[in-house]
Amino acid sequence: LLSYIKKKGVFYMAGTIDKKPYGYNGYMDFSRLWDALERKGHNKQWLKNNGIHSNTIQKLVNNGNVTCEVLSNICRLLDCQPWEIMEYKKNKEN
């Protein structure tokens, strides 16, 4: 429940936000990325050599959060669409 408080002409938010834990809404599975790389004769090192940071590659391996900029860059490098490198998976608890 949020409310707004005005102090000296400035509005501030007050209250609590019902924040869901990571993965509550499901997650993006990047298994398709590794398949696409293999089909095109590339690997993780190729991604590194083409500007994808090793920490970002590790996030992709773990199906973690990456930015749209990273996804756009990978799609540009592989000349593909996002659905070719990732897939939405529902949380089994929902």
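Think of each chain on its own: its residues are numbered from 1, step by step along the sequence as written. Residues qualify for local features only when their pLDDT is at least 70, as the model is predicted, and side-chain atom pairs are given and counted only at 80 or more; totals for whole chains, interfaces and linings, by contrast, use all residues. The side-chain numbers reported here are obtained from all heavy atoms of the structure, hydrogens and water having been left aside.

Participant: Looking at this structure, how should I read the environment of tyrosine 88?
Facilitator: Labels follow the DSSP assignment, with helices taken as runs of H or I lasting at least four residues and strands as runs of E lasting at least two, numbered in each case from the N terminus. Note on placement: tyrosine 88 falls in strand 4 (residues 87-89). Since its relative accessible area comes to 46%, tyrosine 88 is described here as partly exposed. Taking the C-alpha atoms as reference points, tyrosine 88 and glycine 26, 62 residues apart in sequence, are found 7.1 Å from one another. The contact criterion used is simple: two residues touch if any of their non-hydrogen atoms lie within 4.5 Å. Among all residues touching tyrosine 88, those that are not within four sequence positions of it are Asn25, Gly26, Tyr27 and Met28. Buried, partly exposed and exposed residues are distinguished by accessible area as a fraction of the type maximum, computed with a 1.4 Å probe on protein chains only: under 20%, between the cut-offs, and over 50%, respectively.

Participant: What is the right way to look at helix 3 (residues 54-61) in this model?
Facilitator: Residues lying three or four places apart along an α-helix face the same way, a consequence of the helix completing one turn every 3.6 residues. Of all the residues in helix 3, the buried ones are Thr56, Ile57 and Leu60. End-on view of helix 3: buried residues confined to an arc of 100 degrees, all on one side of the axis. The secondary structure elements touched by the buried residues of helix 3 are helix 1 (31-39), helix 2 (44-49) and helix 4 (68-78). Just downstream of helix 3 lies asparagine 63, where phi reads positive at about 55 degrees. Here, the arc refers to the directions that run from the helix axis to the C-beta atoms.

Participant: Mind showing me how you'd approach helix 1 here?
Facilitator: Turning to helix 1, its buried residues number three or more, namely Leu33, Ala36 and Leu37. Angularly, the buried residues of helix 1 cover 100 degrees about the axis, an arc narrow enough to put them on a single face. Exposed and facing more than 90 degrees away from the buried side of helix 1 are Glu38 and Arg39. Where the residues of helix 1 are buried, they touch helix 2, helix 3 and helix 4. Where helix 1 ends, the next residue or the one after it, glycine 41, has phi of about 75 degrees, a positive value.

Participant: Teacher, can you tell me more about the nonpolar core here?
Facilitator: One recurring pattern in soluble globular proteins: nonpolar side chains tend to sit buried together. Only buried residues count toward a nonpolar core. Its members are Ala, Val, Leu, Ile, Met, Phe, Trp, Tyr and Cys residues joined through side-chain atoms within 4.5 Å. Among the nonpolar cores identified, the biggest contains 18 residues, and Leu33, Ile74, Leu78 and Ile85 are the most heavily contacted of them. At the level of elements, helix 1, helix 2, helix 3 and helix 4 are the ones that each hand at least two residues to this core. Among the elements that take part in this core, helix 4 stands out by supplying six residues, more than any other. With sequence-adjacent residues up to four places away left out, leucine 33 is seen in contact with Leu60, Ile74, Leu78, Glu84 and Ile85.

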